[in-house]
Amino acid sequence: MIPGLMAGKPTIRGLRFTVSDVLEMMASGMSSSEILEQHPILEADDIRASLLYASLKLKNTVILHAA
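Here's a quick rundown of the structure. Keep in mind it's a predicted model, so treat the numbers as computed, not measured.

### Considering helix α1 (residues 19-27)
Among the residues of α1, those classed as buried are V19, V22 and M25. Seen along its axis, α1 keeps its buried residues to an arc of 130 degrees; they face one direction. What points out from α1, more than 90 degrees from its buried face, is the exposed set E24 and A27. In this fold, the buried residues of α1 make contact with α2 (32-38) and α3 (44-58). Two residues or fewer past α1, G29 is found with a positive phi of approximately 110 degrees.

### Brief notes about the environment of M26
Mapping M26 onto the fold places it in helix α1. On the accessibility criterion, M26 (26% relative accessible area) is partly exposed. For the pair M26 and I47, spaced 21 residues apart in sequence, the C-alpha separation works out to 9.2 Å.

### Considerations on the pattern of salt bridges
Scanning all chains against the criterion turns up two salt bridges. R48 is paired through a salt bridge with D45; the nearest N and O atoms lie 2.4 Å apart. Note that R48 and D45 are positioned in helix α3 at a spacing of three residues, about one turn of the helix.

### So, the side chain of T18
As for its position among the elements, T18 is in the segment before α1. A polar atom in the side chain of T18 sits 3.0 Å from the side chain of S20. Within the local environment of T18, its side chain forms a polar contact with the side chain of D21, the two groups lying 3.0 Å apart. The contact partners of T18, leaving out residues within four places of it in the chain, are M6, K9, P10, T11 and I12.

About the cut-offs
Per chain, residue numbering runs from 1 following the sequence as it is written. Since the coordinates come from a predicted model, pLDDT governs what is reported: local features require at least 70, and pairs of side-chain atoms require 80 or more to be given and counted, while whole-chain, interface and lining totals use all residues. Excluded from the side-chain calculation are hydrogens and water; included are all heavy atoms of the structure. Summary of the burial criterion: residues with accessible area below 20% of their type's maximum are buried, those above 50% are exposed, and those between are partly exposed, where the area comes from a 1.4 Å probe applied to protein chains only. To qualify as a helix, a DSSP run of H or I must reach at least 4 residues; to qualify as a strand, a run of E must reach at least 2; elements of each kind are numbered from the N terminus. To obtain the arc, one takes the directions from the helix axis to the C-beta atoms. Note on contacts: a residue pair qualifies if any of its non-hydrogen atoms lie within 4.5 Å across the two residues. We define a salt bridge as a contact between a side-chain nitrogen of Lys or Arg and a carboxyl oxygen of Asp or Glu at a distance within 4 Å. In protein, a polar contact means a hydrogen-donor-capable atom and an acceptor-capable atom, both N or O and within 3.5 Å, with residues adjacent in sequence counting only if both atoms are side-chain atoms; elsewhere, any N or O pair within 3.5 Å suffices.

And the structure:
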């Protein structure tokens, strides 16, 4: 998460694309390939990372990144 970017929501690689955007597209029935086709700035790993992030948040797991 980058403070101040997208109101502090978790974003994809610091882009102006939130994890929730990806999850909402998937929930609406879009496939990974459709998402990647419509949003070429995204990569397949971004979709997988969004799903992992959501899963970890549901488990109430804290993600720490070493500098």
